[in-house]
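# Structural overview
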Amino acid sequence: MNHDHLKTRQRAERHAHTPNLAIRVHRAISWLHRAELQAGQGDKDGEFIFLWIAFNAAYATVIDERYRLDEQRTFKAFLQKLADLDGTRARLDGLVWEAFPGSIRVLFDNPYVFQDFWNFQNGTLPEDEWKRRFEDAKRVAKAALAGRDTVTVLGVALTRIYTLRNQLMHG
């Protein structure tokens, strides 16, 4: 079975799927298509990676929020340690305020790299709740930007990048 066959079947059957299953099947088929494109170019490594992501998308389940919160605490402690080791924070400040300020602001306004958007898509969070959390998170990020709070800005940016990483690695 190839992408075209599966996509046709998915379109015919998706009305009967739960929202969580529907999005997982859609993602898996999309990644299968990417794998087929890589195979057509003779890129075996790319084909393997995209097939693996398709596989992850097909079987993935929602990660327990308790584990995500522990991971975030560890992540924030790591960033604080980096900042402490940077001393005057010249390196970290340079990244945030000189090298990537525009990219960081784009991340803050992009719902597709905000985990609660995907929680809503997976049916684990109501729409009004993810939107409220997104607006709250943007306010925190903008306050950190206004206060030149490098550690908080990096924390928010890297959390968004982590969500993107999960989308890529887990489909």
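Residues numbered from 1 in each chain as written. Predicted model: local features only at pLDDT ≥ 70, side-chain atom pairs only at ≥ 80, totals over all residues. Heavy atoms only, no water.

## Remarks on the packing of aromatic side chains
Filter applied, for reference: Working definition: a ring pair exists when centres of Phe, Tyr or Trp rings (six-membered ring for Trp) sit within 6.5 Å. Plane angles under 30 degrees give stacked, over 60 give edge-to-face, the rest tilted. Elements are defined by DSSP. Helices are runs of H or I of four residues or more, strands are runs of E of two residues or more, and each kind is numbered from the N terminus. Burial classification: accessible surface area is computed with a 1.4 Å probe over protein chains only, and a residue below 20% of its type maximum counts as buried, one above 50% as exposed, and the rest as partly exposed. A ring is considered to have a charge above it if a Lys NZ or an Arg CZ atom is located within 6 Å of its centre and within 35 degrees of its normal.
Going through the model one piece at a time under the given rule, you end up with nine aromatic pairs. Geometrically, the ring pair formed by Phe114 and Phe134 is tilted, given 5.1 Å between the ring centres and 55 degrees between the ring planes. Of this pair, Phe114 sits in the loop between α6 (101-109) and α7 (115-121) while Phe134 sits in helix α8 (residues 127-146), placing them 20 residues apart in sequence. With respect to class, Phe114 is no different from Phe134; both count as buried. The rings of Tyr112, Phe114, Phe117, Trp118, Phe120, Trp130 and Phe134 are connected pair by pair, giving a single aromatic cluster. A cation over a ring is seen here: Arg148 above Trp97, with NZ or CZ 4.5 Å from the ring centre.

## A closer look at the pattern of salt bridges
Definition in use: Criterion for a salt bridge: a side-chain nitrogen of Lys or Arg within 4 Å of a carboxyl oxygen of Asp or Glu.
The tally for this structure, following the rule as stated, stands at nine salt bridges. Its salt-bridge partner being Lys44, residue Glu47 comes within 3.6 Å of it at the nearest N-O pair. Of this pair, Glu47 and Lys44 both sit in helix α3 (residues 44-59), three residues apart, which is roughly one turn of the helix. Lys138 serves as the salt-bridge partner of Glu135, at 3.3 Å between the closest nitrogen and oxygen. Residue Glu135 and its partner Lys138 are both found in helix α8; the two are separated by three residues, about one turn of the helix. For Glu135, a relative accessible area of 37% gives the class partly exposed. Using a relative accessible area of 15% as the deciding quantity, one classes Lys138 as buried.

## Digging into the environment of Ala141
To be explicit about the condition: It only takes one pair of heavy atoms within 4.5 Å for two residues to be counted as in contact.
Mapped onto the elements, Ala141 comes out in helix α8. When the C-alpha positions of Ala141 and Val156 are compared, they lie 6.8 Å apart, and in sequence the two are 15 residues distant. Beyond its immediate stretch of four places on either side in the chain, Ala141 contacts Phe108 and Val156.

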